[in-house]
Amino acid sequence: MDAPTEPLRAVPAEVRPYLAELVRRTHAVCGPRLTGVVAVGSLALGDYRHGRSDVDVTVVLEGQPPAAVLRELAAALDHRRLPCPAAGLELVVYAAEFARVPSGEAGYLLDLNTGAELPGRAAFDPAGAPSFWYVIDRSVAHQDGIALYGPPAPEVIAAPRPAELYPAIRASVREHDDGEGHLADNRVLNGCRSVAYCRTGRWFAKRDAARRVAAAEEDFRPLIEAAVRSFERPRAAALPLPGPQVRAFLARVRARVDEHAATTGV
């Protein structure tokens, strides 16, 4: 087993013991099938906020593991057995042969949500599941994922192509426009992240993306700055944001995404 000590230096101290144990348990359950464990999301983008952020992890397995192995892994990492110090754990397992090829599909073997502030979920069949979260997460993983076990992230997780990624970004914006189940500050900041990606071809942490977009979108600067202030608070203390302004901003985001998608021929 690869020693996780060195890569763990790249993640915040508050979650290092947890991630080390997560890697250990994942290897214990999956054995030689385990190809890689990659920290993604805010951990990869350098904007993890303890008490607010999730821990996002991608696991890659060689071959098609038995269903019993996936269920055992979900049980081993459940918050009730391995308490997550963050808001929650969002862990996705892929087959290596799927992860190595660009795709616009969800394609997971296991999608696990568990933690004090997340509704528990363990899904084993991606059929019918919205794919956009997984496509965007794989794009982030390829760009900046932190390999906690195994080879560097770009060697095990392919970057989606523009024809796969832009529809995912559009779907993400529609999801946040609906607003159900999302904090208002996350709706705004994810919109900023989408626009920043379209303009630069790189994913940025939410607050960094917000600064970039606020500088170019003067009409929405007060809203974006308020979203950043809210994001810097615990989830339970998030600030209310004016709904009409949030919807108007996301309409602007959709227009910006469509403009940039058109320049790529998507």
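Residues numbered from 1 in each chain as written. Predicted model: local features only at pLDDT ≥ 70, side-chain atom pairs only at ≥ 80, totals over all residues. Heavy atoms only, no water.

### Observations concerning empty space enclosed by the protein
Note the following rule: Site definitions follow a grid-based scheme: protein atoms alone, a 1 Å grid, a 1.4 Å probe that fits but cannot get out for cavities, and for pockets an open set with protein on both sides within 12 Å along at least five of seven lines, plus lining residues having an atom within 4 Å of a point. Grid points are joined across faces, edges and corners, and a volume is the space filled by probe spheres set on the points. Under the DSSP-based scheme used, a helix requires at least four consecutive residues in state H or I and a strand at least two consecutive residues in state E, with every element numbered from the N terminus. We call Asp, Glu, Lys and Arg charged. Ala, Val, Leu, Ile, Met, Phe, Trp, Tyr, Cys and Pro are nonpolar, and the rest, Gly among them, are polar.
Counted according to the given criterion, the structure contains 1 cavity of 30 Å³ or more. Looking at the largest cavity, its volume works out to about 40 Å³. In terms of residues, the lining of the largest cavity owes the most to one element, helix α9 (residues 184-200), which gives 3 residues. Classifying every residue of the lining of the largest cavity gives 3 nonpolar, 3 polar and 1 charged.

### What to know about the nonpolar core
Note the cut-off: Here, nonpolar core refers to any group of buried Ala, Val, Leu, Ile, Met, Phe, Trp, Tyr and Cys residues whose side-chain atoms link them within 4.5 Å. Exposure classes here rest on a 1.4 Å probe applied to the protein chains alone. A residue is buried below 20% of its type maximum, exposed above 50%, and partly exposed in between. Pairs of residues are marked as contacts when any of their non-hydrogen atoms sit within 4.5 Å.
By size, the foremost hydrophobic cluster in this structure holds 40 residues, and its most contacted members are V188, C192, W203, I224, L241 and F249. Residue assignment for this core shows that the elements contributing at least two residues are α6 (132-144), α8 (162-178), α9, α10 (206-216), α11 (221-231) and α12 (243-263). Top contributing element to this core by residue count: α9, with 8 residues. If sequence neighbours within four positions are ignored, C192 has contacts with A209, A210, V213, I224 and F249. Formed by 37 residues, the second largest nonpolar core is a distinct cluster that contains C30, A39, V59 and V93.

### Quick notes on the environment of L89
Of note, L89 is situated in strand β3 (residues 89-95). Residue classification places L89 among the buried positions, given a relative accessible area of 0%. Through-space distance from the C-alpha of L89 to that of D56 is 6.0 Å; in sequence the pair is 33 residues apart. Excluding its chain neighbours within four sequence positions, the residues that come into contact with L89 are Y18, L22, V55, V57, L77, C84, L112, N113, T114 and L118.

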